[in-house]
Amino acid sequence: MSIAIAPRPAQPPARRLTAAARSAFTTVPPSVLLSFIVVLIVLLWSLFPALFTSYSAVTANPADKFLGPGAQHWLGTDDLGRDEFARVVYGARSSVGTAVVAVAIGLFAGGLIGLLAGFVGGWVDAVLGRLVDTLLAIPGFLLAVVVVTGLGFTTLNAAIATGIASVAIFARLMRAETLKVRHSVFVESSYLQGGSRNYVLFRHVLPNAYRSVVALAVLQLGSAIIVIAALAFLGYGSPPPASDWGLLVAAGQNDATAPWLVYGPAIVIVITVLSINRISRWLRKTS
Amino acid sequence: MTDLAIAATTQPSAPEAGGWARGRPYFVYALQRLAQAVVVILLAYVLSFVLITILPGNAIATTLGNPQSGLSPAQVRNVENYYGVTKPIIVQLWMALSRFARGQLGTSLVSHQTVTSLIAGALPYTLKLAGTALLISLVLAAVIAYGSQYLPGKWARSVIRSAPSLFLSVPNFIIGLLLIHYFSFQMHTFDVLNPDSPVGTFFAGLALGIPICAPLAEVLIANLDHETGQEYVLVARSRGLTQARLFARHLVKPSMLPAVTMAALIAGELMGGAIITEEVFGRNGIGSVMYQAVSNQDTPVLQGIVALAAVVFVVVNLIADLLSPLLDPRVRLGGGGRREVATP
């Protein structure tokens, strides 16, 4: 058995990227493709809700109240005769869009903390390490509740609270990834050849941490949606007529005769999070 | 929900390699971990103080300034002196910390009970719920893991393997509402007006336990996949060990260590999830005390509960870290045999 190690021709980054994209497209399992479609639709809901429904999410229409799901109203209507599907579509922005904000906060703050701790080391690492330990010691949901109580009950504040609660997780992963790269032979040789700190950071550390941090960010997006929905369910998001998905479930719970008001938004939450988790799992497996 | 999802994917925090592996005596390691734990608890209290006090809307001042608070001017002065409301933040923080170090958590701004007695009154209910949920999630995780290895048919095995990721995607308030809808409203197995009955507690525990069993099951499955291919398992099987005994003795035991290192995260999830589950099922407990404290802006109660959660998390974590070198001799070897735990 002979092993030929052919030197790979150096490709310009752009072509390497398109090649990677093409090979990804042909090897993506169907369930992941389906998940991408679901996530795309939900993101489009949050950007252009008016394209997906002709009903209004806020105007009451008492003549149509408590209609069951059907061709006219896909998810039925609520106690004021508003189309539940329209409420879900218009609620996507404050349910999923805000989750993106939450992940961005956790990603940037946590990433920076982890990068500093791992890259600088020494007392910086010790101090930041205790900070992360402390953040981890308070259960994430509790921390989010405390922060949103301090900031005031709006959905954006709930997103900020969710983001703050996830800082520690990103910091821990980023630190571990940074350390892994920093102590590798190629970084040592890069320093020996006169590479500056910044060069090592941008050429080696960040590109190597990228895959696993992205997989974590996608996974966090799913749990951020759940946490924000739970905060909204408890009434810590924006008050009605906002139509956050968690709030819709909480409101639907009051009308025992109209179970579809709970099922509709609940199924949308579950399918969305399931799809995001599927994508994250696939990213982790292929990275 | 948040942390556990991560625990399922990343290596659960193992005891610091530097600490134990360098061959320091066990009691030095234990003392260091203990000191670290105390520091983290104090820092967590400081953090919750900072978050609650510095963020807009100082609740104590607002409550005291409210003419309907039902406090006489003398009482108001009393409370002001106790919390040092008029003093600078840093002095307030010092006062709060020194009270905390003496075990005092202050007094509720609404019910005027001490926070300690409020928590002590609610804790048994939450412990009952959390204990039930923990038991259910352990059993469920074991069943899923067993099924993932031995269910007849590849199709059935792959279905049960996808159960954990489904469980991670369903918020526990939705599970709770579904359980109430089917088992209380339609099948009348329990009465929502009496949620503390054994059956009611079981379903509340189920709602809380299902999302928690997911990461446990994932870790178990990953370890089983790893161990099943090992030679000693083949040997044990060739010597005629039954499947169930093989599972219990040779496969579950090596998976105990990662499960122990996840214990603190699970405790945290149980406390966080209890807020929602208690609200959905209308149960008493720490969660409902917290829910009321949030709606009344009752700062001392809120801070007390955060402190309690931090203490629980840190203590469970400490126990896990102290136990794991004893559980797995390979951790003790230091340089030679590094512990390898397969994670998904």
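Everything numeric here is computed off the predicted structure, so don't read it as measured data.

Quick look at the overall build of chain B
A tally of helices and strands in chain B yields 18 helices and 0 strands. Residues counted as buried form 41% of the 344 residues belonging to chain B. For chain B, long-range pairs separated by at least 24 residues make up 76% of all intrachain contacts whose partners lie at least 6 apart in sequence.

What to know about the overall build of chain A
In terms of helices and strands, chain A carries 11 helices and 0 strands. The secondary structure elements of chain A, listed N-terminal to C-terminal, are α-α-α-α-α-α-α-α-α-α-α. For chain A, the proportion of contacts with a sequence separation of at least 24, taken over those separated by at least 6, is 69%.

Re the interface of chain A and chain B
Listed as interface residues are 41 residues of chain A and, on the opposing side, 42 residues of chain B. Those elements that place two or more of their residues in the side of chain A that touches chain B are α4 (122-137), α5 (140-151), α7 (167-182), α9 (197-233) and α11 (260-286) of chain A. Looking at the side of chain A that touches chain B residue by residue, the classes come out as 28 nonpolar, 9 polar and 4 charged.

Remarks on the packing of helix α7 (residues 115-150) of chain B against helix α8 (residues 154-161) of chain B
Residues and elements named next belong to chain B. α8 packs onto α7 with a crossing angle of 150 degrees between their chain directions and a minimal axis gap of 8 Å. The pairing of α7 with α8 is recorded here as roughly antiparallel in orientation. Along this stretch, α7 crosses α8, giving a crossing that reads as left-handed. Facing α7, whose interface residues are Ile144, Gly147 and Ser148, α8 presents Arg157, Ile160 and Arg161. Across the contact of α7 with α8, the residue classes tally to 2 nonpolar, 2 polar and 2 charged.

Description of the confidence of the model for chain B
Residue and element names in this part refer to chain B. Here chain B averages 76 in pLDDT, and 76% of its residues register 70 or above. The least confident element of chain B is helix α2 (residues 17-21), whose mean pLDDT is 42; the most confident is α7, at 88. Considering only residues more than four positions removed or in separate chains, one finds that residues 1-22, a stretch of pLDDT under 50, has 56 contacts. For the stretch residues 333-344, pLDDT sits under 50, and the model shows 22 contacts to residues farther than four places along the chain or on other chains. Interface predicted TM-score (ipTM) for the complex: 0.80; the corresponding pTM is 0.82.

Focus: the environment of His112 of chain B
Residues and elements named next belong to chain B. As for its position among the elements, His112 is in the loop between α6 (89-101) and α7. Of the residues examined, His112 has 11 C-beta atoms within 10 Å and is grouped as exposed. His112 sits 189 residues away from Val301 along the chain, and the two C-alpha atoms are 10 Å apart.

Some words on the environment of Tyr263 of chain A
Relative to the helices and strands, Tyr263 of chain A is located in helix α11. Distance in space between the C-alpha atoms of Tyr263 of chain A and Gln253 of chain A is 9.7 Å, their sequence separation being 10 residues.

Quick look at helix α11 (residues 198-228) of chain B
All names here are of chain B. With 31 residues, α11 extends just 38 Å between its outermost C-alpha atoms, more than 12% less than the 45 Å of an ideal straight helix rising 1.5 Å per residue. A maximum bend of about 40 degrees is found in α11 at Gly209, where proline Pro211 lies one to four positions downstream. Within α11, 23 of the 31 residues are buried, which leaves it mostly tucked inside the rest of the structure.

Rules used in this analysis
Residues numbered from 1 in each chain as written. Chains lettered and ligands numbered in written order. Predicted model: local features only at pLDDT ≥ 70, side-chain atom pairs only at ≥ 80, totals over all residues. Helix = DSSP H or I, 4+ residues; strand = E, 2+ residues; numbered from the N terminus. Buried ≥ 20, exposed ≤ 12 C-beta atoms within 10 Å, placed from the backbone. Contact = placed C-beta atoms within 7 Å. Nonpolar A, V, L, I, M, F, W, Y, C, P; charged D, E, K, R; others polar. Axes fitted to C-alpha atoms, helices over the stretch in contact; angles between N-to-C directions. Parallel < 35°, antiparallel > 145°, perpendicular 65-115°, else oblique. Left-handed = near helix turned anticlockwise from the far one by under 90°. pLDDT = per-residue confidence, 0-100. Expected span 1.5 Å × (residues − 1). Bend = angle between axes of the 7 residues up to and from the residue.

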